[in-house]
Amino acid sequence: MKNNLLSSALIVFAFWYAVLLLVGWYPPAIMLAAVLGTLMIWAAAWPLGAMAAFVASRVQLGLARTHVLDGALSDEDLKATVMADPNALDFVQVPLPAMERVARGKGAQKLLAAYPWWTGYHKEFPVYAQALLAVTEVMQAKPGLPAAPDPKGHGGATLWAHSGNVLRAMQELAPSWRYTGMRNSKGVVVVPVQDLQKGYHAFAPDDPLLVLAAIAHDIGKVDCYEWDQKGGRVKEVKDNHGTVGASILRRMPEILALPLPERDALLLAVSYYHHPSDMPTSLWIGDMARSLTLLLYEADCLASVREGDPNPEKQAAVKRMQDGQGQGGFGESPQDDDAAEEADAPEASVPESEEALDAAAGVGAVDEGPEQGAEEPAPAPVAAKPARPAVQDSGESRESHWVSEDGRTPLDVLEELLRLPDAINGKNEDRRIAFKHGEWIYLFEAKMRRAAAALIGDPSLEVLRGSTNLHKFTLEMLRQIDARGLLFTEFEGRTYSYKRGLWNCQFGNIERQMLIVKAELIGRAIPDAKYAPMINRNFWGETAAINKKMGGFEKN
């Protein structure tokens, strides 16, 4: 029987009929009449009870019309609150009820102020800016928290660094994003797009909701992850960080101040982006909420794979995106070494201000002791000790990727740059392009190119045409340094070509893309910076290594 309720009723009826028949030894006809009579009474009582409840509600509504607030509410006001579409109502800001306080940290304002886009964002979208600031404060309650308990998850990136990587991926996908309905695993549309006239949903390039969603998407990990005091790592103490994150956001007044449709979209996306198919099919969930959820899902997968996350589901999702089966557009994927010469190095999705790096991690100029009255910053994690770099000269080292008009090579330009005042460990952030600690120099790739462009008068060095490869100027510089055996090319037992000589390095909560070379390149002694950056991973991940694993075997 398909009707579970009816089948259950018949089972109960048959059971008690048999029990009473055996216990009472009444004739079957009498027992059947008694049971049927009881059921008829029940059947008559249910509609009578429903009718009584309806009459009572109408009486209560009539009393409310007459007495509530001495006429302060009109008849139309009362009707508007009964089974109304919440998206159609004009909500009035009212004092928020008391709620559980969400723990917040310090330094969020300074951290966000270091981003080039923050000033414009704060000025043009003040409500969203306040929400983003509040989200950052919550995340700063546990600064340095890893994005995953497993060191391999998200390539070892911190929660803040991962959020920045998701923002960059979302900004890459958003311009060509088109949501055309929720699909199942077979590609069949199960929830069609509601805007039948347009047939899709897209976000404006400057939609402030995208920035907020990217940064806030994993805020639940602040509550779900705890530091393991014994092992020095984190452990997951709560499940479903998406649901927990939405719960945290609901308790924040700055989030509740957002426009209702955008607030609903944000909460739903944070709750369901890991499993969009679990989102209810209810029609009150509009296109924007479903579109944001899927966009966040694809951006998270793309960022995670680029971080080196081995999760097979995310790997498969990015493969679908590369094959054109995603909802949105997809940027260039990491190409082979020959194609790498034709594009530019990525701009980091982290602050341009080097002052922010110093403030966040205590990484800065030469250690001269704290200023009078200044608070000593917490030390950054100790850098992983790099292995001795290997010379990569298999014939390809003799080719030249870039030479200036006056015959200077990139290495000539770099050596000249590093001799300038404040270039290494300098206090002037406009002139500083590198930190030196121990036997290694950590070069900011993008900033180094800008300085080189100004030095030799070649603005083409600042032009970026791609998002995952290196500029020819940088490529030739790495080739020259590698030929001299001064390039950092080995990390965690893997060897990388000079063409993959870009590294994600950690400064407290901030991650930057850097080149790492031997300090003997500069030929003179320079005092160390206070702290060394921590090398997180190769920019392209461990799959870019020469001896990467292929099906469980090393590929040499």
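Our subject is the structure that appears above.
Chains are numbered independently. Their residues run from 1 in the order of the written sequence. Given that the model is predicted, a residue must reach a pLDDT of at least 70 before its local features are reported, and side-chain atom pairs must reach 80 or more before they are shown or counted; all residues, however, enter totals for whole chains, interfaces and linings. Where side-chain values are given, they derive from all heavy atoms of the structure, hydrogens and water being excluded.

Student: Describe in detail the packing of helix α8 (residues 208-216) against helix α13 (residues 287-307), supporting the description with residues and values.
Tutor: Axis geometry follows a simple rule: fit a line to the C-alpha atoms, using only the stretch in contact for helices, then measure angles between N-to-C directions, giving values from 0 to 180 degrees. Counting from the N terminus, the helices are the DSSP runs of H or I reaching at least four residues and the strands are the DSSP runs of E reaching at least two. At a minimum axis distance of 11 Å, the contact between α8 and α13 shows a crossing angle of 50°. Regarding the angle of α8 to α13, the classification is oblique. For the element pair α8 and α13, the recorded crossing hand is right-handed. Residues L209, L210, A213 and A214 of α8 form the contact with α13, whose participating residues are M288, L292, L295 and L296. Amino acid classes used here: Ala, Val, Leu, Ile, Met, Phe, Trp, Tyr, Cys and Pro are nonpolar; Asp, Glu, Lys and Arg are charged; the rest, including Gly, are polar. Residues that form the contact of α8 with α13 fall into these classes: eight nonpolar, no polar and no charged. Just so you know how the angles are binned, under 35 degrees is roughly parallel, over 145 roughly antiparallel, 65 to 115 roughly perpendicular, and the rest oblique. In this scheme the handedness of a crossing depends on how the near helix is turned from the far one: anticlockwise by less than a right angle means left-handed, clockwise means right-handed. Whether two residues are in contact is decided by their heavy atoms: any pair within 4.5 Å suffices.

Student: Summarise the pairing of strand β2 (residues 189-192); cite the residues concerned and give the values.
Tutor: Relative to β2, strand β1 (residues 181-183) runs antiparallel, the two being bridged by three bridges. The residue bridging G181 from the neighbouring strand is P192, located in β2. Taking the residues that link successive antiparallel strands as the turn, the β1-β2 hairpin has five residues, and the phi of G187 there is positive, at about 85°. Pairing between strands is defined by DSSP: at least two bridges between them are needed.

Student: So, the sheet that holds strand β10 (residues 510-518): which residues are in play, and what are the values?
Tutor: Spatially, five strands are ordered β5-β6-β10-β9-β11 in an open sheet, and the strand pairing comes out antiparallel. Each edge of the sheet is formed by a strand with only one pairing partner; in this case those strands are β5 (434-437) and β11 (534-538). Each strand of the sheet is rotated relative to its neighbour by a mean of 40°, with strand direction disregarded. Of the strand pairs in this sheet, strand β9 (residues 503-507) and β10 are connected by five bridges, and their pairing is antiparallel. By the bridge assignment, C505 is partnered in β10 with R512. Packing against the sheet, helix α18 (residues 445-456) makes contact with β6 (440-444) and β10, and its axis sits at approximately 75° to β6.

Student: Account for the nonpolar core, naming residues and giving values.
Tutor: Core analysis: the biggest nonpolar cluster contains 75 residues, and Y121, V135, L212, L249, M252 and L266 have the highest contact counts within it. In terms of residues, this core owes the most to one element, α13, which gives 12 residues. By nonpolar core is meant a set of buried Ala, Val, Leu, Ile, Met, Phe, Trp, Tyr and Cys residues that side-chain atoms within 4.5 Å join together. Accessible area is worked out with a 1.4 Å probe on protein chains only. A residue is then buried under 20% of its type maximum, exposed over 50%, and partly exposed in between. Counting residues in each nonpolar core, the second largest holds 52 residues, with F435, M448, F473 and A519 among its members.

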